[in-house]
Amino acid sequence: MNKPLALIIEDEEDLAEIYSVALQSGGFETEIIRDGQAAVERLTGMVPEVVILDLHLPHVDGAHILNKIRENELFSRTAVMVTTADVQLAEDMHVQADLVLLKPVSVDQLRELARRMLRR
Amino acid sequence: MKEKKTSFIARWMLSRLEIAAIVGIIVLTLAGLFVSIQDALQLEQTLNLHLTQTVILTQGIVNLQRDVQLTRNEVSRLLGNLDDPPKQISRFDFVEIQVNNLSVQAESPEVKIILTAEDQALIADIQQKSTHIEPLIAQLNAETSPEEQQTTLRALDTELESLEVVIKQLVDRQATAQRDAITQTRDSMTSSQRTALVAGTVLLLMGVALAVVVRRALASRLQRALESERFKGQLLNSVSHELRTPIAAIRGYSQLMGEEAYGSLNEKQKTTIKRILINTTQLQGMVNNLLDRAQMDQGKLTVRKAPFMPADLIETARSALNVLAQTQGLELTSEITPDVPNTLIGDELRLQQILFNLISNALKFTQKGSVCARIFMHDKTHWALQVVDTGIGIPTEAQAHIFESFWQVDSSATRQYRGSGLGLSIVKQLVELMDGSISLTSHPGQGSTFTVIFPLESEL
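An account of the accompanying structure is given in this report.

### Some points on the packing of helix α2 (residues 92–107) of chain B against helix α4 (residues 117–141) of chain B
Residue and element names in this part refer to chain B. Running from N to C, α2 and α4 point in directions that differ by 155 degrees, and their axes come no closer than 10 Å. Taken together, the axis directions place α2 and α4 in an arrangement best described as roughly antiparallel. Pair α2 / α4 crosses with left-handed handedness. Residues Phe92, Glu96, Val99, Leu102, Ser103 and Ala106 of α2 form the contact with α4, whose own contacting residues are Ile123, Ile126, Gln127, Ser130, Ile133, Glu134 and Ile137. Across the contact of α2 with α4, the residue classes break down as eight nonpolar, three polar and two charged.

### Thoughts on the pairing of strand β7 (residues 447–455) of chain B
Residues and elements named next belong to chain B. In terms of burial, β7 is a largely internal element, eight of the nine residues being buried. Where strand β5 (residues 382–389) and β7 come together, seven bridges link them in antiparallel fashion. Counterpart to Val388 in the pairing with β7 is Thr449. The antiparallel pairing of strand β6 (residues 437–443) with β7 creates a hairpin that spans three residues between the two strands, and Gly445 there sits at a positive phi of about 90 degrees.

### Focus: the interface of chain B and chain A
Across the contact, 38 residues belong to chain B and 32 residues belong to chain A. Counting the surface lost from both chain B and chain A, the interface buries some 3,100 Å², and carbon and sulfur atoms represent 54% of this. Where chain B meets chain A, there are three salt bridges. The closest approach of N and O atoms between Arg318(B) and Glu112(A), which form a salt bridge, is 2.9 Å. Inspection of the chain B/chain A interface yields nine residue pairs in polar contact (both at pLDDT 80 or more). Of all elements in the fold, only α5 (146–258), α6 (267–297), α7 (310–327) and α8 (348–364) of chain B reach the threshold of two or more residues within the side of chain B that touches chain A. It is α5(B) that contributes the most residues to the side of chain B that touches chain A, twelve residues altogether. Its residues placed into classes, the side of chain B that touches chain A shows twelve nonpolar, 15 polar and eleven charged.

### Looking at the sheet that holds strand β4 (residues 79–84) of chain A
All names here are of chain A. Taking strand neighbours across the sheet as the criterion, the five strands line up as β2-β1-β3-β4-β5 in an open arrangement whose pairing is parallel. Unpaired on one side and paired on the other, β2 (29–33) and β5 (99–102) mark the two borders of the sheet. The sheet shows a mean angle of 20 degrees between the axes of neighbouring strands, direction not considered. Note that strand β1 (residues 5–9) and strand β3 (residues 50–54) share four bridges and pair parallel. Residue Ile8 lies in a different strand from β3, and its bridge partner there is Ile52. Contacting β1, β2, β3 and β4, helix α1 (residues 13–25) runs over the sheet at an angle of about 170 degrees to β2. With respect to the sheet, helix α3 (residues 62–71) is in contact with β1, β3 and β4, its orientation differing from that of β3 by roughly 155 degrees.

### Concerning the environment of Arg66(B)
Residue and element names in this part refer to chain B. Tracing the chain through its elements places Arg66 in helix α1 (residues 2–80). According to the relative accessible area criterion, Arg66 is partly exposed, its value standing at 44%. Sequence separation of Arg66 and Val95 is 29 residues, and the distance between their C-alpha atoms is 8.8 Å. Residues contacting Arg66, with those up to four places away along its chain left out, are Arg91 and Gln98.

### Description of the nonpolar core
Residues and elements named next belong to chain B. Ranked by size, the top nonpolar core spans 44 residues in total, and within it Leu351, Ile354, Leu355, Leu358, Ile359, Trp383 and Leu385 carry the most contacts. Where this core is concerned, the elements lending two or more residues are α6, α7, α8, β4 (370–379), β5, α10 (423–433), β6 and β7. The element that contributes the greatest number of residues to this core is α8, accounting for eight residues. The contacts of Leu358, once residues within four sequence positions are left out, are Val387, Leu424, Val427, Ile438, Phe450 and Val452.

### Looking at the packing of α6(B) against α10(B)
All names here are of chain B. In contact at an axis separation of 10 Å, α6 and α10 are set at 40 degrees when each is read in the N-to-C sense. The orientation of α6 relative to α10 falls into the category oblique. Helix-helix and strand crossings are classified by hand; for α6 and α10 the assignment is left-handed. Here Asn289, Asp292, Arg293 and Met296 of α6 come into contact with α10, specifically with Gly423, Ser425, Ile426, Gln429 and Leu430. Each residue belonging to the contact of α6 with α10 can be placed in one class, and the counts come to three nonpolar, four polar and two charged.

### Brief notes about the side chain of Thr451(B)
Residues and elements named next belong to chain B. Counting through the fold element by element, Thr451 comes out in strand β7. Taking the relative accessible area as the measure of exposure, Thr451 reaches 11% and is therefore buried. At a separation of 2.9 Å, a polar atom in the side chain of Thr451 contacts the side chain of Gln386. In contact with Thr451, not counting residues within four places along its chain, are Phe376, Ala384, Leu385, Gln386, Ser437, Ile438 and Ser439.

Basis of the calculations
Residues numbered from 1 in each chain as written. Chains lettered and ligands numbered in written order. Predicted model: local features only at pLDDT ≥ 70, side-chain atom pairs only at ≥ 80, totals over all residues. Heavy atoms only, no water. Axes fitted to C-alpha atoms, helices over the stretch in contact; angles between N-to-C directions. Helix = DSSP H or I, 4+ residues; strand = E, 2+ residues; numbered from the N terminus. Parallel < 35°, antiparallel > 145°, perpendicular 65-115°, else oblique. Left-handed = near helix turned anticlockwise from the far one by under 90°. Contact = heavy atoms within 4.5 Å. Nonpolar A, V, L, I, M, F, W, Y, C, P; charged D, E, K, R; others polar. Buried < 20%, exposed > 50% of the residue type's maximum accessible area, 1.4 Å probe, protein only. Pairing = 2+ DSSP bridges. Buried area = accessible area lost by both parts, 1.4 Å probe. Salt bridge = Lys/Arg side-chain N within 4 Å of Asp/Glu carboxyl O. Polar contact = N/O pair within 3.5 Å; in protein donor to acceptor, adjacent residues only side chain to side chain. Core = buried A, V, L, I, M, F, W, Y, C linked by side-chain atoms within 4.5 Å.

And the structure:
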């Protein structure tokens, strides 16, 4: 059975690496994208089970990507976990995202919550 | 929030006071100006009347003077040509008329006011002297010899000259009086009324200038305040991001290393990684609380209600702190009683903050045993969030202060239990922001239980 795919959209190199390793140890296959525009393009060719989405991204912001995902029927089963340090932005995302995590996000937190998302 | 509100009210009241002061100054200035103008106008009116009467009187006297002069000319001509009759002094009729006019005018109340005793004496003298002339005129008209006529004419001339002298005195006096009246009007206006008028105008201008200055000052102060608030907000967001991201990286890497995701570790390395993790988690907690507090002081904290799953809430907080609990050798458990609905309504992020702070606090003050996070129905209309620990507990006398900012049970304890002393005060503020209430039961040496109760909302 294929491992579930987690797409990590995060411009901070360290955080992307940590999320990736954490999710891999949690049984996910992972892919990292660190640019908003690249993420929009990548999402035309894949349907991940889980998207870990940062809001502050170069070129295209996370809110726009979230909109794109929610508009597309293809992603109806994709869980989006938004991560941000900006409480105000987090508040705005709350309705569209499956889960909003205030940074810093811990390894356990990410791994366990991503697994919970899969079970839905 | 309260401080914020108080300072806002203070600013609001201050600005109202300033406006009231400006309005007061303007009203007083206008009132002062109105009174001074009224006074000035009244005085000027009186002086104008005075002046008018003086002019009329002077005109009458000048007319009399002119007619006396013409009569004297007639007398002189007759004296130079005695052979040529008629020996009538026709002009004297006019003199009589002018003297009568003068007498009437002198008796009128308006003129009487402006006449001094000397003026009145002179006018009486004129009347007196004119009566001396009349018999001489009659004598002249009688059939007399040229010598007698010449004698009469000379006597007449002397009388007229004498009359002329008195008239001239009166004319001079009236000219002076007229000049005095003008001067008086001007002087009076200058000394009192003009001063009031000028002062009033200056006050009005000052009031207007002050209003403009104060308005500008208020506008620029408001502008500065807005810019400063905006700047603080931007700074806060940027600091928030810049502080939280590296902490997250340190914490994440140390946890992954502790899990041997990057290769196996010896016991010393594992212990060291645990110490890094504990210290980073403490740092993270402090930074979070300071940033939350700063955001609260900015008045940026708002509550948004949306449906959320209690299971997500409790799992988010538990999973974030589980590694810390494990590192401390503590058990971190969670429980949701079956009577709790699958979906609740509230601000999930704020609830996360509350739960995170309560669990962090419990872990900090618990050396052995467990920490349990629970969600249960308090009654039919309220749900509750509870964190129970088996820690050192809080002395009864300290329980009243536990929710105050920067307060810790024993300040000497801060070396053992690090922290900003902000966590619980933030929790209390957040709880109250969401219409909830927080309570504490604690027994020193046995542990503490924090219970937060929120109203159950079924619909948005």
